[in-house]
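Each chain is listed here by its residues.
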Amino acid sequence: MVTLGLLSGCGNRTSASTASSDAGALADSSQKPAAAAAAPAAHSFRIGLGPWIGYGPLYLALEKGFFSDAGLKVDLVVLTGIAERNSALKSGAIDALAAPVDYFVLAAGNNLESSIVMATDESAGGDGIVGTESIRSVKDLRGKRVAFQRGLPSEFFLRALLAQNGVPFSELKPVDMETAQAGAAFISKQVDAAVVWEPWLTRASEEGNGHVVASTRDNPDLIVDCLGFNKDVVARFPDDVQKVVDSVFRAIEYWKRQPEESNKIMAPHFQVSPEKYAAILAGAKFADLDRNRAYFGTSEAPGSIFRVAERASSIWLEAKVTSAPVRPDSVISPAFVSKAKN
């Protein structure tokens, strides 16, 4: 569900206008109505995202034509592994990434800075820690084999809860696994606990004879997915970035009015039925414009996203995966939410 923000990557954009050097063509065009002139080429964006249901509105905006209505060409690129995402960002293969706040902070701490322009969804029970019956609280994770994927929300969520409960990370027996593998390992009793997201949270609980020890239902604001753009793209094409933001908000509003149709469009992208997709959404919330404005706040009263980013900076420093603090305002750009419209 997570990662960086957007690096280099303007080479895949198309020109906003076209021209001909053929004198005859120019002369002929003067006798034609203006409507016959070639339409401006749509600006092109490649957006990376993981297989998390909360990214559904991006697919909805694409398939309902909201991006194209705004004069944009958008390609959505599924990237599952952290190394794959990093490589895509570094090479400029993508222009933006959908990922949680903590990942953008981690990226900035490793010199891969980006600009968070909006929140797309938030976990409300969709991420959590599943454990055996003997693990009744986060404190019971001491000395236990705990599976999670490093660098993703799983690690951030785990470290945040350990810190809240006074449990040193060093007292765990960590097992680095991709989320699906962590869930399967718990079901097969290879580990004592796993930090996973849906649908693995439910599967691990039901098939692994375990239970949810803690989830984002009781820890709001920690896991909020955002859309982050390359800083250079934001600087050069702010109007187009705004159109992407507005198109995603339009999709979320459409889902609110037409949930059944929208779920049918989004569900196939996550290999689940529309009914299953709707059920899993009980553990997540799409972030509409009102929620975004509350989360980002104002320059006079910054919202909780700034506190989450500051917390992530501290956690990644303690984990020794970054070497210097990351200022929240260096990775968060509230202007797009402020100017947004549905």
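Just above, that's the structure.
(A) Spotlight on the overall build of the protein. Helix and strand counts for the protein stand at 15 helices and 11 strands. Here the protein holds 342 residues, and 55% of them are scored as buried. Counting only contacts in the protein whose residues sit at least 6 apart along the sequence, the fraction spanning at least 24 positions is 81%. Accessible surface computed for the protein: about 14,600 Å², of which carbon and sulfur atoms make up 51%.

(B) Here's a closer look at the environment of Met266. As for its position among the elements, Met266 is in helix α11 (residues 259–266). Among the residues examined, Met266 registers a relative accessible area of 0% and is labelled buried. For the pair Met266 and Gly56, spaced 210 residues apart in the sequence, the C-alpha separation amounts to 5.4 Å. Beyond its immediate sequence surroundings of up to four residues, Met266 is in contact with Gly56, Pro57, Leu60, Trp255, Tyr277 and Phe286.

(C) A look at the nonpolar core. Of all hydrophobic cores here, the largest spans 101 residues; its most connected members are Val101, Ile129, Leu141, Leu158, Leu227, Phe229 and Ile305. The greatest single-element share of this core, amounting to 8 residues, is contributed by helix α10 (residues 238–257). The residues touching Val101, leaving out its near neighbours within four places in the chain, are Ile116, Val224, Cys226, Tyr295, Ile305, Val308 and Ala309.

(D) Main features of the sheet that holds strand β7 (residues 173–176). Strands sit in the order β7-β6-β8-β5-β9 across an open sheet of 5 strands; the sheet is mixed. The open sheet terminates on both sides in strands that have one partner only, identified here as β7 and β9 (211–215). Looking at each pair of strands side by side, their axes are set apart by 30° on average, direction ignored. Strand direction decides the pairing type here: strand β6 (residues 145–148) and strand β8 (residues 193–197), joined by 2 bridges, are parallel. Each residue of the ladder has a partner; that of Val146, found in β8, is Ala193. Taken strand by strand, helix α8 (residues 200–207) contacts β5 (127–131), β8 and β9, and its axis lies near 15° from that of β5.

(E) Looking closely at the pattern of salt bridges. Tallied over the entire structure, the rule returns 15 salt bridges. The closest approach of N and O atoms between Arg291 and Glu122, which form a salt bridge, is 2.7 Å. Remark: Glu122 occurs in strand β4 (residues 114–123) and Arg291 occurs in helix α13 (residues 289–296); sequence separation between them is 169 residues. For Arg291, a relative accessible area of 22% corresponds to the partly exposed category. Ionic pairing is found between Asp221 and Arg291, a salt bridge with its closest N-O pair at 2.7 Å.

(F) Region of the structure containing the pairing of β9. Taking burial as the measure, the 5 residues of β9 include 4 buried ones, the bulk of the element. The pairing of β5 with β9 spans 4 bridges and is classified as antiparallel. Residue pairing for β9: Gly128 is matched across the bridge by Ser215.

(G) Seen up close, the environment of Phe156. You can see Phe156 is positioned in helix α6 (residues 153–164). Using a relative accessible area of 0% as the deciding quantity, one classes Phe156 as buried. Distance in space between the C-alpha atoms of Phe156 and Leu106 is 9.9 Å, their sequence separation being 50 residues. When near neighbours in sequence (up to four residues on either side) are disregarded, Phe156 contacts Asp102, Leu222, Ile223, Arg311, Ala312, Ile315 and Trp316.

About the thresholds
The numbers attached to residues start from 1 for each chain and follow its sequence in the written order. Reporting in this predicted model follows two pLDDT cut-offs: at least 70 for local features of residues, and 80 or more for side-chain atom pairs to be given and counted; totals over whole chains, interfaces and linings ignore these cut-offs and use all residues. Side-chain numbers here rest on the full set of heavy atoms in the structure, without hydrogens or water. Think of it this way: any DSSP run of H or I at least four residues long counts as a helix, any run of E at least two long counts as a strand, and we number them from the N terminus. Burial status follows relative accessibility: with a 1.4 Å probe on protein chains alone, a residue under 20% of its type maximum counts as buried, one over 50% as exposed, and anything between as partly exposed. Throughout, a contact is declared for two residues whenever any of their heavy atoms are within 4.5 Å. Throughout, the Shrake-Rupley method with a 1.4 Å probe supplies accessible areas, and for residues the shown protein chains are the sole cover considered. As used in this record, nonpolar core signifies buried Ala, Val, Leu, Ile, Met, Phe, Trp, Tyr and Cys residues forming a set joined through side-chain atoms within 4.5 Å. Pairs of strands are assigned from DSSP output, requiring at least two bridges between the strands. The axes are straight lines fitted to the C-alpha atoms, using for helices just the contacting stretch, and the angles between their N-to-C directions are given from 0 to 180°. We define a salt bridge as a contact between a side-chain nitrogen of Lys or Arg and a carboxyl oxygen of Asp or Glu at a distance within 4 Å.

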